[in-house]
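Below, each chain spelled out in residue letters.
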Amino acid sequence: MNSLVSSKQTNCASHPWPVGKSFLWLCMILLGTLSAKAQDTLTNGNFPPPAIPVSVYATAATEPVTVDGKLNETDWQKAPIVSQFFRTEPRQGGSYKFATQVRILFDKKNIYFGVFCKDSTGRKGIRVQDLRRDFLFGQNDIFFVQLDPQNLQRFCVSFQTTPYGNQRDLQVFDDDIRDNDWDALWKVRTQITDSGYYAEFAIPFVSLRYNKPKETDSVSWGITFSRLARRSYEQTVFPAIPQAFSPYRMAYAAQLKGLKLPPPSINLRVQPYSLFQYDKTTNAANETSAKSNIKFGGELKWAINPHSVLDATFNTDFAQADVDRAVNNLTRFNVFFPERRQFFLENSGVYAGNVDGIRPFFSRTIGLACYSCKYRRWI
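Enquirer: So what about the nonpolar core? Which residues, and what values?
Expert: A general trend in soluble globular proteins is that nonpolar side chains are found buried together. In this structure, F113, F159, W221, I223 and F225 are the most contacted members of the largest nonpolar core, which totals 41 residues. At the level of secondary structure, the elements contributing two or more residues to this core comprise β4 (100–106), β5 (110–118), β6 (142–148), β7 (155–161), β10 (187–193), β11 (196–204), β12 (220–229) and β14 (254–257). In terms of nonpolar packing, the next biggest core, distinct from the first, is built from ten residues, F144, V172, Y248 and M250 among them.

What follows is the structure, given as structure tokens:
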């Protein structure tokens, strides 16, 4: 009996390799599973915002920047390039076909974005169907930049352009409520080449709302970039944002650093107008009478601080509003016409709700005598 036990013990001790090899295989399988799970999450699922956001840096311009879409100034060549984009459409993650490069400059008045959207087919690959200001998203090749100057992570302003230089700007709240009627003062110029197209943005600091920094070197803004190549409907974004969200999801935003903001100044915008009316009538006796009327008024917008904006109007000209679309309404319900008057569009998205068709505050009822218009907000 003793010799049998001793023999078994010796046999086990003399062949230890199966246990060690099995443990090694188990570790490899576990690591492979975790790696595949992480890759699957990055490719197919959602992932949380990074604990430490990615940083991008703006460079001070040493010479005047001419906004012409050519990016031929020396400062553009010295500025760091942002090119690590992440694909969200048509499938999340993986390699993408259309590469994009972004550079950032600033001076005492503007922040500049120099963009090169690569496309080997050049002009033949461009897809632009909507040439209007505030064009519809999804119909054109687009590059757009989102800024969150106050680091709220729930709000951003977006500046967008096509290869032909069409402008679109909007305010976005919580990645869901979008105010497409918001308009800012900014400039963009583009240039199409055989290898893609360039876009050069100039956004005045006075068009943005930001907090006055306590320290000059502590400025940090939330920022995201995105590009839509309409031909293949390939959308890329920087930094990485899950496909379930849009590039307006500022919780994933990178941090823009290196800015030196200009000293505070009076941010005042005055828009006067005049309206002249001339009437001439002739009666049956061929007697002619004429009368004229002139009307003056205007609007004033004063950004008192990043949190308060004063809008004032005098003798408002409601005729300046865009003409509503023609609608043949054959139903028993009123037709909802959105607000078009610039005076009422400042941060109007704050009052919007998440339920389609319901407006807690509808400014279109102001200045209108039509009683039924009061109920259009419920349609």
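Enquirer: So what's going on with the sheet that holds strand β2 (residues 59–60)? Residues and values would help.
Expert: One open sheet accounts for five strands, arranged β2-β4-β5-β11-β10; its pairing is mixed. Both edges of this open sheet fall to β2 and β10, since each of them pairs with a single strand only. Across nine bridges, β5 lies against β11 in antiparallel orientation. Bridging from a neighbouring strand, I111 pairs with I203 of β11.

Enquirer: Explain the side chain of D175 to me, and be specific about the residues and the numbers.
Expert: Here D175 shows up in the loop between β8 (167–173) and β9 (177–179). For D175, the side chain forms a polar contact with the side chain of S246, separated by 2.3 Å. At 3.3 Å, the side chain of D175 and the side chain of R249 are in polar contact. Setting aside anything within four residues of it in sequence, one finds D175 in contact with F245, S246, Y248 and R249.

Enquirer: Just give me the short version of a nonpolar patch on the surface, but keep the residues and values in it.
Expert: A cluster of nonpolar side chains, namely I266, L268, V270, W302, I304 and L310, defines an oily patch on the protein surface of about 580 Å² accessible area. Mapped onto the fold, W302 is located in strand β16 (residues 288–305). Its relative accessible area of 35% is what places W302 among the partly exposed residues.

Enquirer: Please give an account of the sheet that holds strand β15 (residues 267–282) that cites residues and values.
Expert: Strand pairing in a sheet takes place through backbone hydrogen bonds and is either antiparallel or parallel in direction. Here we have three strands laid out as an open sheet, ordered β15-β16-β17, and antiparallel in their pairing. Edge positions in the sheet fall to β15 and β17 (308–314), since each has one partner strand and no second. Pairwise comparison of adjacent strand axes, ignoring direction, gives a mean angle of 10 degrees for this sheet. Where β15 lies against β16, 16 bridges are found, and the strand directions are antiparallel. When the bridges of β16 are listed, Q277 appears paired with N293.

Enquirer: An account of the packing of aromatic side chains is needed here, citing residue identities and associated values.
Expert: Under the definition given, this model contains 18 aromatic pairs. An angle of 25 degrees between the planes, with centres 6.1 Å apart, marks the rings of F143 and F225 as stacked. Placement of F143 in strand β6 and of F225 in strand β12 is noted, with a sequence separation of 82 residues between them. Comparing F143 with F225, the two get one shared label, buried. Taking the centre distance of 6.3 Å and the plane angle of 75 degrees together, the rings of F205 and W221 count as edge-to-face. Placement of F205 in the loop between β11 and β12 and of W221 in strand β12 is noted, with a sequence separation of 16 residues between them.

Enquirer: Residues and numbers for the environment of D141, please.
Expert: By the secondary structure assignment, D141 is in the loop between β5 and β6. D141 sits in the buried class, given a relative accessible area of 5%. Measuring from C-alpha to C-alpha, the distance between D141 and Y233 comes to 8.8 Å, with 92 residues separating the pair along the chain. Setting aside residues up to four positions removed in sequence, D141 forms contacts with G125, I126, R127, T161, T162, P163, Y197, L228, A229, R230 and R231. Looking at D141, its side chain comes within polar contact range of the main-chain nitrogen of R127, at 2.7 Å. Within polar-contact distance, the side chain of D141 engages the backbone nitrogen of R230 at 2.6 Å.

How each quantity is defined
Residues numbered from 1 in each chain as written. Predicted model: local features only at pLDDT ≥ 70, side-chain atom pairs only at ≥ 80, totals over all residues. Heavy atoms only, no water. Core = buried A, V, L, I, M, F, W, Y, C linked by side-chain atoms within 4.5 Å. Buried < 20%, exposed > 50% of the residue type's maximum accessible area, 1.4 Å probe, protein only. Helix = DSSP H or I, 4+ residues; strand = E, 2+ residues; numbered from the N terminus. Pairing = 2+ DSSP bridges. Polar contact = N/O pair within 3.5 Å; in protein donor to acceptor, adjacent residues only side chain to side chain. Contact = heavy atoms within 4.5 Å. Patch = residues over 30% accessible without salt bridge, like charges linked within 9 Å, V, L, I, M, F, W, Y side chains within 5 Å. Areas by Shrake-Rupley, 256 points an atom, 1.4 Å probe, with all protein chains shown as cover. Salt bridge = Lys/Arg side-chain N within 4 Å of Asp/Glu carboxyl O. Axes fitted to C-alpha atoms, helices over the stretch in contact; angles between N-to-C directions. Phe/Tyr/Trp six-rings, centres within 6.5 Å; stacked < 30°, edge-to-face > 60°.

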